[in-house]
Amino acid sequence: MAENKDSKLDEILTNPESIVEDIQSGKLLEFYEKYKNIINIVAGSIAGIVIGIFGFRYYVNTQNEEAQNTMFQAVYYFEADSLSKALNGDGANPGFVEITESYPFTKAANMANFYAGTCYLKLGKYEDAIDYLKNFGASDLLIQARAYSLIGDAYLEQNDYENAVTYYQKASDYKPTKEFTPEYLMKLGLACELNNNYESAVKAYDRIINEFPNSNKVNDARKYKAMNEVKLSSL
């Protein structure tokens, strides 16, 4: 029986023209009878995949709603600057760390990564901050750039200027806004300067001056640009 199925499958793979001819000639019933075992197996597999996808989506949506409901207290502690409780919970309510572990694949867990990373950064636990912030991802206008900037802050605190430059660059290039991008560019300029890359620092400050002329960072950008140009001229 298995050999018969294999021979039919071989015929489908090696002679697809015969299938097209059967369909075009209107011999659909004959076509089905001829290949029904293969068709039923393929159809069953596709149905199983479709059901699995919809089942997984339903599960994730249910988990996301539950996670969002349980995250309110952690957010409250975060806003009250009770960072330990925000991270680890209070015994009755979970913290951000538990939410990321208990509700994977959900939007709430993704947001909990951002909050947890921010908490660890404030607590001076920079490697933990980097790990959680790198696990966060969003396509929104503001928060993703903010996450990149916070990762840059964590690297800067560890005197890892090269990686700080990388993430400040990502922050300043991600969907620029007049409100926040100048701030990221100022950080980028500082990290470049600390990394002894004065030319890149000048370029960062130039972007503020030219692209965001109404920013309150412009005067500082002009000052630091001039300082880095002096350093460049002395090399």
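Every value quoted in this text rests on a predicted model; they were computed, and no experiment measured them.

Participant: Explanation requested: helix α12 (residues 218-233) in the structure shown.
Facilitator: One full turn of an α-helix is made of 3.6 residues, so residues set three or four places apart face in the same direction. Here α12 contains 16 residues, and its C-alpha end-to-end distance of 22 Å stays within 8% of the 22 Å for a straight helix at 1.5 Å per residue. For α12, the set of buried residues is Val218, Ala221, Lys225 and Asn228. The arc that holds every buried residue of α12, seen down its axis, measures 85 degrees, which confines them to one face. Turned more than 90 degrees off the buried face of α12, the exposed positions are Asn219 and Val230. The inward-facing, buried residues of α12 contact α10 (181-194) and α11 (198-211).

Participant: Got a minute to help me understand the side chain of Asn228 in this structure?
Facilitator: Tracing the backbone shows Asn228 in helix α12. Apart from residues no more than four positions distant in its own chain, Asn228 is found in contact with Glu193, Tyr198, Ala201, Val202 and Tyr205.

Participant: Any chance you could explain the pattern of salt bridges here in plain terms?
Facilitator: When the charged atoms of two side chains with opposite charge come close together, those side chains can pair. Inspection of the entire model under this criterion finds seven salt bridges. Arg146 serves as the salt-bridge partner of Glu183, at 3.7 Å between the closest nitrogen and oxygen. Linking Glu183 in helix α10 with Arg146 in helix α8 (residues 143-157), this pair joins segments that are 37 residues apart in sequence. With a relative accessible area of 33%, Arg146 lands in the partly exposed category. One salt bridge in this structure joins Asp206 and Lys225, with 2.8 Å as the shortest N-O distance. Here Lys225 lies in helix α12 and Asp206 lies in helix α11, a separation of 19 residues in the sequence.

The rules behind each value
Residues numbered from 1 in each chain as written. Predicted model: local features only at pLDDT ≥ 70, side-chain atom pairs only at ≥ 80, totals over all residues. Heavy atoms only, no water. Helix = DSSP H or I, 4+ residues; strand = E, 2+ residues; numbered from the N terminus. Expected span 1.5 Å × (residues − 1). Buried < 20%, exposed > 50% of the residue type's maximum accessible area, 1.4 Å probe, protein only. Arc of directions from axis to C-beta. Contact = heavy atoms within 4.5 Å. Salt bridge = Lys/Arg side-chain N within 4 Å of Asp/Glu carboxyl O.

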